[in-house]
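Read off the chains here:
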There are 2 protein chains.
Amino acid sequence: MTRQMHLGLFLLGTGSHIAGWRMDGAIDSFQDIHAVCEVARIAERGKFDFIFMGDNLNADPGAHPSYTARLEPLTLLSAVAMATSHIGLAATVSTTYSDPFTVARAFASLDHISKGRAAWNAVTTAAPAAAANFGTLHPDHAKRYEIAGEFLDVVKGLWDCWADDAFPKDRASGLYIDPAKVKPLDHDGTHFKVKGPVNIGRAPQGHPIISQAGGSEPGQQLAARTADVVFAVVQDIDEARTGYKALKDRLPALGRKPEDVCVLPGVMPVVGRTDKEAREKLAALMAHVNSSNALGMLSERFGVDMSGYDLDGPIPEMPKADTYHSFTGVMLAKAKREGMTLRDLYNLVAAARGHWVLCGSAESVADTLQDWFETGAADGFNIMPAYLPDGLTDFVDLVVPILQQRGLYRQDYAGTTLRENLGLARPANPNFSAG
Amino acid sequence: MTRQMHLGLFLLGTGSHIAGWRMDGAIDSFQDIHAVCEVARIAERGKFDFIFMGDNLNADPGAHPSYTARLEPLTLLSAVAMATSHIGLAATVSTTYSDPFTVARAFASLDHISKGRAAWNAVTTAAPAAAANFGTLHPDHAKRYEIAGEFLDVVKGLWDCWADDAFPKDRASGLYIDPAKVKPLDHDGTHFKVKGPVNIGRAPQGHPIISQAGGSEPGQQLAARTADVVFAVVQDIDEARTGYKALKDRLPALGRKPEDVCVLPGVMPVVGRTDKEAREKLAALMAHVNSSNALGMLSERFGVDMSGYDLDGPIPEMPKADTYHSFTGVMLAKAKREGMTLRDLYNLVAAARGHWVLCGSAESVADTLQDWFETGAADGFNIMPAYLPDGLTDFVDLVVPILQQRGLYRQDYAGTTLRENLGLARPANPNFSAG
């Protein structure tokens, strides 16, 4: 079969643009399940592979007003599972502030509930402010990734504690479980000691899909070893191509093939019927940006106190913070290339929080996505609408049909599980022979 | 208004009877969301206050074959929220193996998703086997309750971090959050240190409903201080009356009124159109009980190794285990009163896991429930169908109409939230003045 794009919807509450909620008709609450379900159904109408719910573990009313009060991802996506039938459901859960038994169980449960549409976006939680909500200290970057690696191994191990056919449920004999088809995990590692088995049967997908977004060296290595989907924060095609190749190049040494991992750069499309209409939409969005807390937001995003700087002055030299490694690098590289002021940098963050903004007519947006897809920059895209639902509807109604006409994108879902739609094989269970 | 009964549905997978899944037409999987939703809709048709999902944190294929592989309660009930409109949704989550920030957030999320129908059944996790799945040691009974008390205070505190009207979402000015309407928690206690605020707005119910089932002295005291609903494990009306009065008597000293806490004994009703038909159903259930693992199951339930005893011999003297305090006491008191063998005891556990079994015609079942309700033994009942859906349908179709005709039970839901249906006031937020 011809290679086709995969599309995710990055669901960040009221939209990826900081002021998107102020647009006419825009969803203005991230606590309204019916609004989220409406958005999910639009994405499903657009045949998206999945919706992907970002997350934070601390409220930050100053820097992120319109999405700091939010539904929790697992409960949210379990509800969305009931309002949809084909679209994948990716929930962000931290490996630094969670427990592997609970995480393994919750995602297996979401996978059963959704009949094989669950994905776990495994993050290490960059923001140090989370620690204060968990009565602990924030581990440093290297330690967070060390923990994450073991955490992922434990979760995958728990997902393999039960054979697919562990439950004969024989009413005549009364045999419910075949005792030969369940095994403990008996993991005893550096950070975790977990006996198992988990108290839920093997998931419809075998393993729910794993996605990751870490851009640092340990983040990339962990993704190459454990992830099915990788999100990339990039600002231009050269960066995207370099990152794409670097990740794919890591795979053979880990016993994996390039097509085992799907690399999706994040992009905020602002689409019009013409370039002019698109530019006017973006201008309307930017006119809503309130820069009164710009320095506070930049301080939070870059992990450096910028409150003493001039918003219209140059970007100061900043120490490399322990947080947001790859994000910081991408943003600052672009800002330096283009001689930005701090206000320019703030507008860039406000627009799509550092992700690539693609503004133009549907035809030109499709052209650019095709170029990225066909020249080694992407296997598809993580679509970040500026505001909802219109920012998504524009993409689904105007861009998707063009991609479909060109044969670059599915006309309909090929499979029933997310794993099937991503074209990924169901993992065998190493603990039990097939059958 | 006349005092009316409240009814909960105790959802324990394939039913509360250990062999219920073997009955013709019975649901035989606790991993099938559509089966659970069907059951929830039957309970909603019966105007039940809530469905209540029990939980364990370890798989026990030997002792609990038909419900050891189960959906996780929060994801399960979030999905059920979308398939129902009025019934409350009570999820069991442990205070020993969870984190208060995550728990506060998840239940607030379920409350937003369900528009005010969430309840947290707070348990301390009796089974020591859970500890091995969390890389820790199982705290002793006293310590578990000490942790639970602080845990509940933290969660309730997090639920009050945001005023109800914290989000002006003013599109014109761009003011999304009123900064005067959000406060951190700054809890610094013996077991938890939690800064807050939580990253979700105040729940529709203010606080989701709290239920508890602890029968020990510290369990009863914690329930009297913090719970809205208390489940009781009892075997006869005298025990129920004594427990009911003891709990209500604790309330005034804690500044609470008797009607602030709803006491619901668990009961497994086996209902027929005649007493004879009901007895035949119970006999059919008991004929399916397989006693090959009886001693193992008793050992697990009582926390004492019984593998060396004769199943048809007398019940041995047992040390009081640190687990299942109240449950153990209730079961053993009944067993001694009635001169049971270990096999009799096993059958009692197999039937409803130690709860009261009420077998008879619909009329006689209604008579007994009315007697309990009107003579100080109960504010309603936690209904534990032996098997599903028929064990529930029998109750809803045969017993509920009788209770309604007698004015003992609602004809329809009075409110839209669980709290309203339970007749409980919405808690004021001590951090913010009203308005």
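Residues numbered from 1 in each chain as written. Chains lettered and ligands numbered in written order. Predicted model: local features only at pLDDT ≥ 70, side-chain atom pairs only at ≥ 80, totals over all residues. Heavy atoms only, no water.

- An unreviewed UniProt entry annotates chain A as Monooxygenase originating from Azorhizobium oxalatiphilum.
- In its Sequence similarities (unreviewed entry) section, the UniProt record describing chain A reads: "Belongs to the NtaA/SnaA/DszA monooxygenase family." (UniProt positions renumbered as here; feature names shortened; annotations may be inferred.)

**As for the overall build of chain A**
Step number 1: Scanning chain A for helices and strands turns up 14 helices and eleven strands.
Step number 2: Taking 2.2 N^0.38 as the reference for a compact globule, 435 residues should give roughly 22 Å; the C-alpha atoms of chain A span a radius of gyration of 22 Å, in line with that estimate.
Step number 3: Principal-axis analysis of the C-alpha atoms gives chain A an extent of 75 × 50 × 40 Å.
Step number 4: When each of the 435 residues of chain A is scored for burial, the buried share is 64%.
Step number 5: A fraction of 77% describes how many contacts in chain A between residues 6 or more apart in sequence connect residues 24 or more apart.
Step number 6: Treating the 41 positive side-chain charges of chain A as one cloud and the 51 negative ones as another, the clouds have centres 4 Å apart. (Helix = DSSP H or I, 4+ residues; strand = E, 2+ residues; numbered from the N terminus. Rg over C-alpha atoms; globule rule 2.2 N^0.38 Å. Buried < 20%, exposed > 50% of the residue type's maximum accessible area, 1.4 Å probe, protein only. Contact = heavy atoms within 4.5 Å. Lys, Arg positive; Asp, Glu negative; His and termini not counted. Charge placed at Lys NZ, Arg CZ, Asp CG, Glu CD.)

**Looking at the relation of the copies chain A and chain B**
Step number 1: For the pair chain A and chain B, the best superposition has an RMSD of 0.0 Å and corresponds to a rotation of 180° with a translation of 0.0 Å parallel to the axis. Such a turn and shift between the copies fits a two-fold axis. In terms of proximity to the rotation axis, the leading residue of chain A is Ala-79 of chain A, whose C-alpha is 2.3 Å off the axis.
Step number 2: Interface overlap between copies: 100% of the residues of chain A at the interface are likewise at the interface in chain B, consistent with a symmetric, same-surface contact. (Least-squares fit on C-alpha atoms with pLDDT ≥ 70 in both.)

**Some remarks on the packing of helix H6 (residues 217–226) of chain B against helix H7 (residues 237–250) of chain B**
Residue and element names in this part refer to chain B.
Step number 1: At a closest axis distance of 9 Å, the pairing of H6 and H7 adopts a crossing angle of 55°. Relative to H7, H6 is oriented oblique. Considering the relative orientation of H6 and H7, their crossing is right-handed. Every residue of H7 that contacts H6 at Glu-217, Gln-220, Gln-221, Ala-223 and Ala-224 is listed here: Gly-243, Leu-247 and Arg-250.
Step number 2: Along the lines of polarity and charge, the residues of the contact of H6 with H7 split into three nonpolar, three polar and two charged. (Axes fitted to C-alpha atoms, helices over the stretch in contact; angles between N-to-C directions. Parallel < 35°, antiparallel > 145°, perpendicular 65-115°, else oblique. Left-handed = near helix turned anticlockwise from the far one by under 90°. Nonpolar A, V, L, I, M, F, W, Y, C, P; charged D, E, K, R; others polar.)

**Some words on helix H11 (residues 342–352) of chain B**
Residue and element names in this part refer to chain B.
Step number 1: Taking burial as the measure, the eleven residues of H11 include eight buried ones, the bulk of the element.
Step number 2: Those residues of H11 that fall on the buried side of the exposure criterion are Leu-342, Leu-345, Tyr-346, Leu-348, Val-349, Ala-350, Ala-351 and Ala-352.
Step number 3: Phi turns positive, to about 50°, at Arg-353, one or two residues after H11.

**Considerations on the interface of chain A and chain B**
Step number 1: With 71 residues of chain A at the interface, the matching set in chain B holds 71 residues.
Step number 2: A buried area of about 5500 Å², summed over both sides, lies between chain A and chain B, and 58% of it is on carbon and sulfur atoms.
Step number 3: For the pair chain A and chain B, the interface holds six salt bridges.
Step number 4: Between Asp-28 of chain B and Arg-171 of chain A there is a salt bridge; the shortest N-O distance is 3.4 Å.
Step number 5: There are 34 residue pairs in polar contact (both at pLDDT 80 or more) connecting chain A and chain B.
Step number 6: Counting residues per element, the ones that place at least two in the side of chain A that touches chain B are helix H1 (33–45), helix H2 (65–68), helix H3 (73–83), helix H4 (100–113) and strand E6 (193–194) of chain A.
Step number 7: A total of eight residues in the side of chain A that touches chain B trace back to one element, the largest contributor, which is H3 of chain A.
Step number 8: A breakdown of the residues in the side of chain A that touches chain B according to their chemical character gives 34 nonpolar, 22 polar and 15 charged. (Buried area = accessible area lost by both parts, 1.4 Å probe. Salt bridge = Lys/Arg side-chain N within 4 Å of Asp/Glu carboxyl O. Polar contact = N/O pair within 3.5 Å; in protein donor to acceptor, adjacent residues only side chain to side chain.)

**Some remarks on the confidence of the model for chain A**
Step number 1: Per-chain confidence: chain A averages 93 in pLDDT, with 97% of residues scoring 70 or above.
Step number 2: Among the prediction metrics, the complex's ipTM stands at 0.95, with pTM recorded as 0.95. (pLDDT = per-residue confidence, 0-100.)

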